[in-house]
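# Structure at a glance
In case you want the letters, here they are:
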Amino acid sequence: MNEYMKNCDLAAIITALGGRQALQDLLDVGPSAISNYLARGELPQRAHAPVCEALRLRGYQVHPGSLEILGQTQLAGGTGPTTNFRSDRPAQRVLLIVGGGIAAYKALEVARRLQDHNVEVTGVMTTGAQQFITPLSLAALTASQVYTDLFSLTDEAEMGHIRLAREADLVIVAPATANLMARAANGLADDLATTILLATTAPVLMAPAMNPAMWQHPATAENVARLANRGIQFVGPTAGDMACGEDGVGRLAEPAAIVQAALNCLSADSQPDDLSGLHAIVTSGPTVEPIDSVRFIANRSSGKQGHAIASALAARGAEVTLVSGPVSLPAPANVRLVQVESATEMLAACEAALPADIAVCAAAVADWRVENASSGKLKKTGNGQPPSLTLVENPDILNSLSTHQLRPDLVIGFAAEASDLQDNARAKLARKGCDWIVANAVTRSDGSSVFNSDMNSASLITGETAIDWPMMTKAELAVRLVNHITDHMADRLQAATLRDLVSQSASNRT
Ligand SMILES: Cc1cc2nc3c(=O)[nH]c(=O)nc-3n(C[C@H](O)[C@H](O)[C@H](O)COP(=O)(O)O)c2cc1C
């Protein structure tokens, strides 16, 4: 007897159950088992009874033999009519290109975690990558064939490199080695990976990883800039101890951060455009305040949180002006980037971008600048006395936008506090006149810094309430903030529409 049930619409069943994780939990299996079932288009016989029961408990009418969902009955307390049900949200497809770096093994974790989010993963490995992990490991974890060879006749007959490139909703390169990025930046198509990168019309997300000296090399920097200018998105690298024993920037971003960045790229296509028609200004990064023509005062802000917020707002359809101090991050997709240096320039750029509906001030703006910064290079006096610098206060961008005659509907500030997080943040909320504050600790309990990290935890303080967000990726925190912004703007727009209706009806009466 066949132990699999043929012809069930598994995608519909997964959606009805509430996602892949729900089916995993119900059957007590891992993500690769679900991928296997999806690839076969069938469930094992033993899954029949629990799936049927779970669907019925969720209010679905189910054909007992085929598990076909016939409709949805009224749930307890529900009022909706019985509806015909068919899944219209198939899994999204990611092509995961693995480069030949020491971090290749982490691509396996990326592949696993993507499948938790109803994402089908197909692996492509370079020759270099196969020195570090085997295609078999990736194939087992993705429940799908792994492609390695451009000239394999079987692959060409069954799939073809162009079709492989075109069928993906997103192409991820992890780890993106210096060599692979150099080849892609120069438009080479000398193996399957680079040919796909040339042929694909899908968005591409690269997660570079390499020795810090290789990352800092001008050749790599130029290649990254060229790729970024062509719209390729980047996640990482991050700073820390490297496998080569050195310390610096070059570590592969954590798999969770890569998965989150991938979901952001995917959701840019699938998320509702519920902020469409609204303009948001986001400030990001540090400001640098000149001392003379070569020296400056700056801070450690990386811009990762501000850029992630700009990206998340754009993904929900907002028109975004990102005003950023100097950072080494590429511009997020679909935002207008205005690059500035000092706080004075940042304020001018924000004011020039008004009117706006939303302002998120995530930049770490220097409180002070040097009065009368020298236009040349300050010289040693020769008498052993250092020059004395007079500091003057910088303009307060958050307060200026909060009190501006073209004040955006919603103004959100960030507070990086060293102590008494919520009390200080509340005081800042009142002082600056903004609507919400996102407060985070500059130094965490383990001594690590929020600056330049891919992770963040924060409290969102909105008038009387405070919502605590635990440690998560900055991309995820950005999505949570944007969810709140979207709810708030929906309420405001609804209230405005109601007001319009009331005043229209009043004027009709007079
Ligand atoms: C042990 C070892 C570790 C390596 N790690 C990296 C790395 O992390 N990043 C990188 O860019 N290159 C690394 N390389 C060099 C690449 O493997 C080499 O440039 C290769 O040609 C890259 O192949 P790809 O184009 O398939 O990625 C490493 C080489 C060795 C021998």
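Residues numbered from 1 in each chain as written. Predicted model: local features only at pLDDT ≥ 70, side-chain atom pairs only at ≥ 80, totals over all residues.

### Concerning the overall build of the protein
If you tally the helices and strands in the protein, you get 18 helices and 23 strands. Residues classed as buried in the protein amount to 42% of the 510 residues present. (Helix = DSSP H or I, 4+ residues; strand = E, 2+ residues; numbered from the N terminus. Buried ≥ 20, exposed ≤ 12 C-beta atoms within 10 Å, placed from the backbone.)

### A closer look at the nonpolar core
In terms of nonpolar packing, the biggest core is built from 142 residues, with Ile 13, Leu 96, Val 171, Ala 174, Ala 262, Ile 309 and Leu 313 touching the most fellow members. Residues contacting Ala 262, with those up to four places away along its chain left out, are Val 94, Leu 114, Leu 170, Ile 172 and Leu 205. (Core = buried A, V, L, I, M, F, W, Y, C linked by C-beta atoms within 7 Å. Contact = placed C-beta atoms within 7 Å.)

### Section: the sheet that holds strand S7 (residues 170-176)
Within the open sheet, the five strands sit side by side as S6-S5-S7-S8-S9. Their pairing is parallel. Looking at which strands have only one partner, the edges of the open sheet turn out to be strand S6 (119-125) and strand S9 (233-234). In this structure, S7 lies alongside strand S8 (residues 204-208), joined through four bridges in parallel fashion. Within the sheet, the bridge partner assigned to Val 173 lies in S8 and is Met 206. (Pairing = 2+ DSSP bridges.)

### Details of the site of the ligand
Around the ligand, the structure places 16 residues, and the nearest of them are Gly 100, Gly 101, Thr 126, Gly 128 and Thr 177. With three residues, the top contributor of residues to the shell around the ligand is helix H9 (residues 178-185). Classifying every residue of the shell around the ligand by side-chain character gives eight nonpolar, eight polar and no charged. (Near = placed C-beta within 6 Å. Nonpolar A, V, L, I, M, F, W, Y, C, P; charged D, E, K, R; others polar.)

### Topic: helix H17 (residues 421-432)
Given a rise of 1.5 Å per residue, twelve residues ought to cover 16 Å, and the 16 Å separating the end C-alpha atoms of H17 matches this to within 8%. Along H17, the residues that are buried comprise Leu 421, Ala 425, Leu 429 and Lys 432. End-on, the buried residues of H17 take up no more than an arc of 90°, which puts them together on one face. Among the exposed residues of H17, those oriented more than 90 degrees off its buried face are Asp 423 and Ala 430. (Expected span 1.5 Å × (residues − 1). Arc of directions from axis to C-beta.)

### Quick look at the sheet that holds strand S20 (residues 410-417)
Reading across from one edge, S16-S15-S12-S17-S20-S21-S22-S23 is the order of the eight strands in this open sheet, with mixed pairing throughout. A strand with exactly one partner marks an edge of an open sheet, and here the two such strands are strand S16 (335-339) and strand S23 (465-473). Direction aside, neighbouring strands of the sheet carry axes that sit 15° apart on average. Across seven bridges, the pairing between strand S22 (residues 455-462) and S23 is antiparallel. Counted as the bridge partner of Thr 462 is Thr 465 from S23. Here helix H15 (residues 343-353) sits on the sheet in contact with strand S12 (279-284), strand S15 (319-324) and S16, set at roughly 165° to S15. (Axes fitted to C-alpha atoms, helices over the stretch in contact; angles between N-to-C directions.)

### Thoughts on the pairing of S12
With respect to burial, S12 is a largely interior element, five of its six residues being buried. Looking at chain direction, S12 and S15 are connected through six bridges and run parallel. The residue bridging Ala 280 from the neighbouring strand is Val 320, located in S15. Inspection of the sheet shows S12 paired to strand S17 (residues 358-361) by four bridges, in the parallel sense. Within S17, the residue paired with Val 282 across the bridge is Val 360.

### A look at the pairing of strand S10 (residues 238-241)
Here S10 runs beside strand S11 (residues 247-251); their pairing, made up of four bridges, is antiparallel. Bridging across to S11, Asp 241 finds its partner in Asp 247. Counting the residues that bridge the hairpin from S10 to S11 gives five residues, and of these Gly 245 lies at a positive phi of roughly 95°.

### Some words on unusual backbone geometry
Between Ala 174 and the following residue, Pro 175, the backbone shows a cis peptide bond with an omega angle of -5°. Tracing the backbone through its elements, the reader meets Pro 175 in strand S7. Here the bond from Gly 236 into Pro 237 is cis, since omega is 5°, no more than 30 degrees from zero. Among the secondary structure elements, Pro 237 is positioned in the loop between S9 and S10. A positive phi angle, near 50°, is found at Ala 143, a position not held by glycine. Counting through the fold element by element, Ala 143 comes out in the loop between helix H6 (135-142) and helix H7 (153-158). In this structure, Asn 372 takes a positive phi of about 50° despite not being glycine. Relative to the assigned elements, Asn 372 resides in the loop between strand S18 (368-370) and strand S19 (391-393).

### A few points about the confidence of the model for the protein
Of all residues in the protein, 86% attain a pLDDT of 70 or more, and the chain-wide mean is 84. Across residues 73-89, confidence stays below pLDDT 50; counting only partners more than four residues off in sequence or on other chains, it has 22 contacts. (pLDDT = per-residue confidence, 0-100.)

### Thoughts on the environment of Pro 212
By the secondary structure assignment, Pro 212 is in helix H11 (residues 212-216). Not counting residues up to four positions away in its chain, the partners in contact with Pro 212 are Met 242, Glu 246, Gly 248, Val 249 and Gly 250.

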